[in-house]
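One-letter residues, chain by chain:
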Amino acid sequence: MMQNNGRLWAEPNELSRESPAEGVTLLHGFCREDAPQIYEAIRQVESISPFRQMVVPGGHTMSVAMTNCGELGWTTDRSGYRYTPEDPMTGAPWPAMPEILLSLARRAAAEGGSAEFRPNGCLINRYAVGARLSLHQDRNERDYSQPIVSVSLGLPATFLLGTLRRTDTPRRIRVEHGDVLVWGGPARLIFHGIAPIRAGHDPLTGNYRINLTFRHVASDD
Ligand code: SIN
Ligand code: FE2
């Protein structure tokens, strides 16, 4: 392990972890080795349900392009945020969650202290240079007993790690290709966001950052 400005850096093949707040675990490089296969699975999903920029209820178009896989996918339009079993763009069910993604999410959740994670939805975010996500809570799931598992691929980003209060200034945490962030328990409803992505090039994803967030969404039945 090397020390660099107080931060621990993983040597190749060595996993380092941090807990930047209670209930939050950052697993550096957790899926770096599997990233090409993970990215291939995302390409398959995207070929069925393409990335698209959604509109929020206020009428603004999001800078992040999104798609989903799993039983329930998160969408927004002028009438509000919700989870749906069908992709509103295609009218067909969202693509099934590829096994490689499900197993990654479950292993990461276990590292973060949740051995029984059963994600039934995965929102896939694609950030071009300049794209950002403003501070928000993930609360459309209606079940907060399971964590959020967030996987970063491609261009690095600054994750804004807030608290349970919107007005607290968020901490800035760098997330890189292959990092996985897990938040749950007392941190499940933290405010979080992504600062504008800086220009760069990644050998796998080109000019994009890709993020996967796995969730357990309460179903109506
Ligand atoms: C999200 O909050 O849905 C995405 C967070 C991220 O892109 O890291
Ligand atoms: Fe979120």
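As the structure is a computational prediction, the values presented were derived from the model and not from experiment. (Residues numbered from 1 in each chain as written. Chains lettered and ligands numbered in written order. Predicted model: local features only at pLDDT ≥ 70, side-chain atom pairs only at ≥ 80, totals over all residues. Heavy atoms only, no water.)

Caption draft 1: Just the confidence of the model for the chain, in detail. Summary statistics for the chain give a mean pLDDT of 94 and a share of 93% for residues scoring 70 or more. When the criterion is pLDDT under 50, residues 1-7 qualifies, and its contacts beyond four places in sequence or with other chains add up to 15 contacts. (pLDDT = per-residue confidence, 0-100. Contact = heavy atoms within 4.5 Å.)

Caption draft 2: Structural context of helix 2 (residues 99-111). Its 13 residues give helix 2 an end-to-end C-alpha distance of 18 Å, which sits within 8% of 18 Å, the value for a rise of 1.5 Å per residue. For helix 2, every residue scored as buried is listed here: L101, L104, A105, A108 and A109. In a view along the axis of helix 2, the buried residues occupy a sector of 125 degrees, so they form one face of it. Residues of helix 2 that are buried make contact with strand 4 (24-28), helix 1 (35-48), strand 6 (61-70), strand 11 (148-154), strand 14 (180-183) and strand 16 (209-215). Residue G113 follows helix 2 closely and has a positive phi angle near 100 degrees. (Helix = DSSP H or I, 4+ residues; strand = E, 2+ residues; numbered from the N terminus. Expected span 1.5 Å × (residues − 1). Buried < 20%, exposed > 50% of the residue type's maximum accessible area, 1.4 Å probe, protein only. Arc of directions from axis to C-beta.)

Caption draft 3: Looking closely at the sheet that holds strand 13 (residues 171-175). Taking strand neighbours across the sheet as the criterion, the four strands line up as 10-15-12-13 in an open arrangement whose pairing is antiparallel. Since the sheet does not close on itself, it has two edges, and those belong to strand 10 (133-136) and strand 13, each with one partner. Going from strand to strand, the sheet's axes swing by 20 degrees on average, the running direction of each strand aside. When strand 12 (residues 157-161) meets strand 13, the two strands line up antiparallel, connected through five bridges. (Pairing = 2+ DSSP bridges. Axes fitted to C-alpha atoms, helices over the stretch in contact; angles between N-to-C directions.)

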